[in-house]
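The lines below spell out each chain.
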Amino acid sequence: MRLAQLPEEFKNAQPILTKLESAGYEAYFVGGSVRDTILGKPIHDVDIATSAYPQEVKALFKRTVDTGIEHGTVMVLDHGNGYETTTFRTESGYQDYRRPDEVTFVRQLADDLKRRDFTINALALKQDGTVVDLFHGLDDLAAKIIRAVGDPEARFGEDALRMMRAVRFASQLNFTIEPQTQKAIKDHAPLLSKIAVERIHEEFVKMMIGPAAQRGLSLMIQTKLADYCPGFIGHTIDLSTIATLPHLQMTDEVEVWTLVALHLGLSYQDTVEFLQVWKTANHIIKAVVMALHLTYAQQYHRVKPRLLFDLDPGTIRAGTNVARYSGYGPEDPNQWLEVYDKLPIRNTRELAITGKDLIQGLGMTPGPAIGQTLDQLVDTVLAGEVKNDHAALVAQVIEQQKSANASE
Ligand SMILES: Nc1ccn([C@@H]2O[C@H](COP(=O)(O)OP(=O)(O)OP(=O)(O)O)[C@@H](O)[C@H]2O)c(=O)n1
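Residues numbered from 1 in each chain as written. Predicted model: local features only at pLDDT ≥ 70, side-chain atom pairs only at ≥ 80, totals over all residues. Heavy atoms only, no water.

## A look at the sheet that holds strand E4 (residues 73–78)
Where we set the bar: At least two bridges found by DSSP between two strands is the condition for calling them paired. Strands are runs of DSSP state E lasting at least 2 residues, helices are runs of H or I lasting at least 4, and numbering of each runs from the N terminus. When checking whether two residues touch, look at their non-hydrogen atoms; a contact exists if any pair is within 4.5 Å. An axis is simply a line fitted to the C-alpha atoms; with a helix, the fit covers only the stretch in contact. Between two such axes, the angle follows the N-to-C directions and lies from 0 to 180 degrees.
The strand order E3-E4-E5-E2-E1-E8-E9 describes an open sheet built from seven strands, whose pairing is mixed. Sheet topology places strand E3 (64–68) and strand E9 (131–132) at the edges, where each strand pairs with a single neighbour. Here four bridges tie strand E1 (residues 27–30) to strand E2 (residues 47–50), and the two strands are oriented antiparallel to one another. Counterpart to Phe29 in the pairing with E2 is Ile48. Helix H1 (residues 8–22) rests against E1, E2, E4, strand E5 (81–87) and strand E8 (124–125) of the sheet, and its axis sits at about 150° to E1.

Below is the structure:
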């Protein structure tokens, strides 16, 4: 097969291949960008595989960065773009999990391709548009099949993360997993426990955001991969519920974890601990807990202005979407955002009175009472009992002080 037209990203990278070839080396575009081009999808990173050894690549190009030289990868910089240029390699393993002393560089493309994970990822593209397809990857792309290259057991033995990659691609591309490949995943699922949680995390989130997340999650359950993920053991029924939700179309990590926490029935504290085990970034954990508040409030029809005030547009969107996917959110996805936009104030700084006013103007003693008073004022303004107006708020505080004195 020969592609008539190369996407812009490849055209920009052609001079790199030309330079390598003129110096007597072989060079090809490889990996996900070739797959995605044939699928007509937008491409991300253009990766290059070459017979040139890393030092030879460095000698040819003016600007390079040693992004993974021990694994044979040099980033070539050109017109503001970076191209990961990797020497053909053999031996078991792949990329970051392979010890440098296990890597053997070779001059043959075929040796490199036969150790890649799936046939659809083992395509190479020459700069004239010719696709090198040694493992019927094009047929599998057309038939929408994820099939390990050669012996699936060997491929998963080299890198157990590839099992998660299989379910991730099943969701992202809406492909099926070829039966022998799927059987090998089931047989090797326990190997997943040896993989760094961060790497599983990345694949799981990508899988859940994919258009066929239900398919990906069902595969994780069927193959028992889910049992080797943090915190999922004993939750097969909850995960199956997620896998049968009809309108799942998640857009970010916060939605993914909010949905998971909701269906696993986790408390806020348990959610934090669960996400820590998954090595989730702290700002994501915080956002998930906030979104979860809104999701639970919708479940019990208790969405109050004060709750929306405590959130922000991102977590309101996530919390609303997760409730909608789960069958009880508002019909209009923007409903709570519109309520939020109409709030008289959206954070304490917008209150027309400050702590300083309370101390200097109203003689209050500095201390926790200042924060409490401001908080009460937020509540009264949000409830529409007082306007967010300096004089009105001062009058409200004086009133409160009077009634407090009277009750002493
Ligand atoms: N465990 C892995 C990881 C990657 N690869 C190979 O390295 C290529 C690039 O990997 P990566 O950038 O991680 O994924 P992509 O397939 O490019 O997919 P995406 O960019 O969509 O994540 C893959 O296509 C595949 O050929 C592999 O064989 N085994």
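What follows picks up the thread again.
## Points about the site of the ligand
Quick reminder of the rule: To be near a molecule or strand, a residue needs just one of its heavy atoms within 4 Å of it. Here a polar contact means two N or O atoms within 3.5 Å. Within protein one must be a hydrogen donor candidate and the other an acceptor candidate, and residues neighboring in sequence count only if both atoms are side-chain atoms. With residues, only the protein chains shown are counted as cover, and all accessible areas are computed by Shrake-Rupley using a 1.4 Å probe. Gly falls in the polar group here, along with every residue not listed as nonpolar (Ala, Val, Leu, Ile, Met, Phe, Trp, Tyr, Cys, Pro) or charged (Asp, Glu, Lys, Arg). Domain extents, as shown, originate in an automatic or database domain assignment.
Within the structure, the ligand sits among 13 residues, and Arg35, Asp117, Asn121, Asp159 and Arg162 are positioned closest to it. A distance of 3.0 Å is found between a nitrogen atom of the ligand and a side-chain nitrogen or oxygen belonging to Arg162. Note that an oxygen atom of the ligand is positioned 3.1 Å from one of the side-chain N or O atoms of Arg168. Look at the ligand: alone it shows 560 Å² of surface, and the protein chains cover 85% of it. Taken together, the elements giving at least two residues each to the shell around the ligand come down to helix H2 (32–38) and helix H7 (161–173). Tallied by class, residues from the shell around the ligand come to two nonpolar, three polar and eight charged. Composition of the shell around the ligand by domain shows at least three residues from each of domain 1 (1–143) and domain 2 (145–244).

## Some points on the confidence of the model for the protein chain
Heads up, the condition is: Known as pLDDT, the predictor's per-residue confidence is scaled from 0 to 100.
With 97% of its residues at a pLDDT of at least 70, the protein chain reaches an overall mean of 94. Across the interfaces of the predicted complex, the ipTM metric reaches 0.98, alongside a pTM of 0.92.

## Digging into the domain arrangement of the protein chain
Interface size is commonly expressed as the accessible area that is lost once the parts come together. Segmentation of the protein chain into domains returns domain 1 (1–143), domain 2 (145–244), domain 3 (250–343) and domain 4 (351–407). When each unit is reduced to the centre of its C-alpha atoms, the spacing between domain 1 and domain 3 is 41 Å.

## With respect to helix H16 (residues 313–325)
Definition in use: A helix is expected to span 1.5 Å multiplied by its residue count minus one. We call a residue buried when its accessible area falls under 20% of the maximum for its residue type, exposed when it is over 50%, and partly exposed in between, using a 1.4 Å probe and counting protein chains only.
Its 13 residues give H16 an end-to-end C-alpha distance of 18 Å, which sits within 8% of 18 Å, the value for a rise of 1.5 Å per residue. Within H16, burial applies to Thr315, Ile316, Ala318, Gly319, Thr320, Asn321, Val322, Ala323 and Tyr325. On its buried face, H16 is in contact with helix H12 (253–263), helix H14 (282–299), helix H15 (305–310) and helix H17 (335–341). Once H16 finishes, Gly327 follows within two positions and takes phi at roughly 95°, a positive value.

## Description of the nonpolar core
Formally: Grouping buried Ala, Val, Leu, Ile, Met, Phe, Trp, Tyr and Cys residues that are joined through side-chain atoms within 4.5 Å yields what is termed a nonpolar core.
With 87 residues, the main nonpolar core has Phe204, Met208, Met220, Phe232 and Trp257 as its most contacted residues. When residues of this core are assigned to their parent elements, the largest contribution, eight residues, is made by H7. In this view, Met220 contacts Met164, Val167, Phe204, Met207, Leu225, Ala226 and Cys229; residues no more than four positions away in its chain are not counted.

## With respect to the UniProt feature "binding site: CTP" (unreviewed entry) in the protein chain
Rules: UniProt positions are given in the numbering used here, feature names are shortened, and annotations may be inferred rather than shown by experiment.
Taken from the UniProt record, the annotation "binding site: CTP" (unreviewed entry) applies to Gly32, Arg35, Arg116, Asp159, Arg162, Arg165 and Arg168. Position of Asp159 among the secondary structure elements: in the loop between helix H6 (152–158) and H7. Of the residues examined, Asp159 reaches a relative accessible area of 5% and is grouped as buried. Take Arg162: it is sitting in helix H7. Within the structure, Arg162 has its side chain in polar contact with the side chain of Glu158 (distance 2.8 Å).

## Describing helix H19 (residues 368–382)
Between its terminal C-alpha atoms H19 stretches 21 Å, which fits the 21 Å expected from 15 residues at 1.5 Å a residue. Those residues of H19 not exposed but buried are Ile370, Thr373, Leu374, Leu377, Val378, Thr380, Val381 and Leu382. The inward-facing, buried residues of H19 abut H15, helix H18 (355–361) and helix H20 (390–407). At the exit of H19 stands Gly384, carrying a positive phi of roughly 80°.

## Some words on the pairing of E5
Looking at chain direction, E2 and E5 are connected through four bridges and run parallel. Of the residues in E5, the one forming a bridge with Thr50 is Thr87. Two strands pair when backbone bridges link them, and E4 and E5 are joined in this way by six bridges, in the antiparallel orientation. The residue of E5 that forms the bridge with Val74 is Thr85. In this antiparallel pair of consecutive strands, E4 and E5, the connection spans two residues, and His79 shows a positive phi of 45°.

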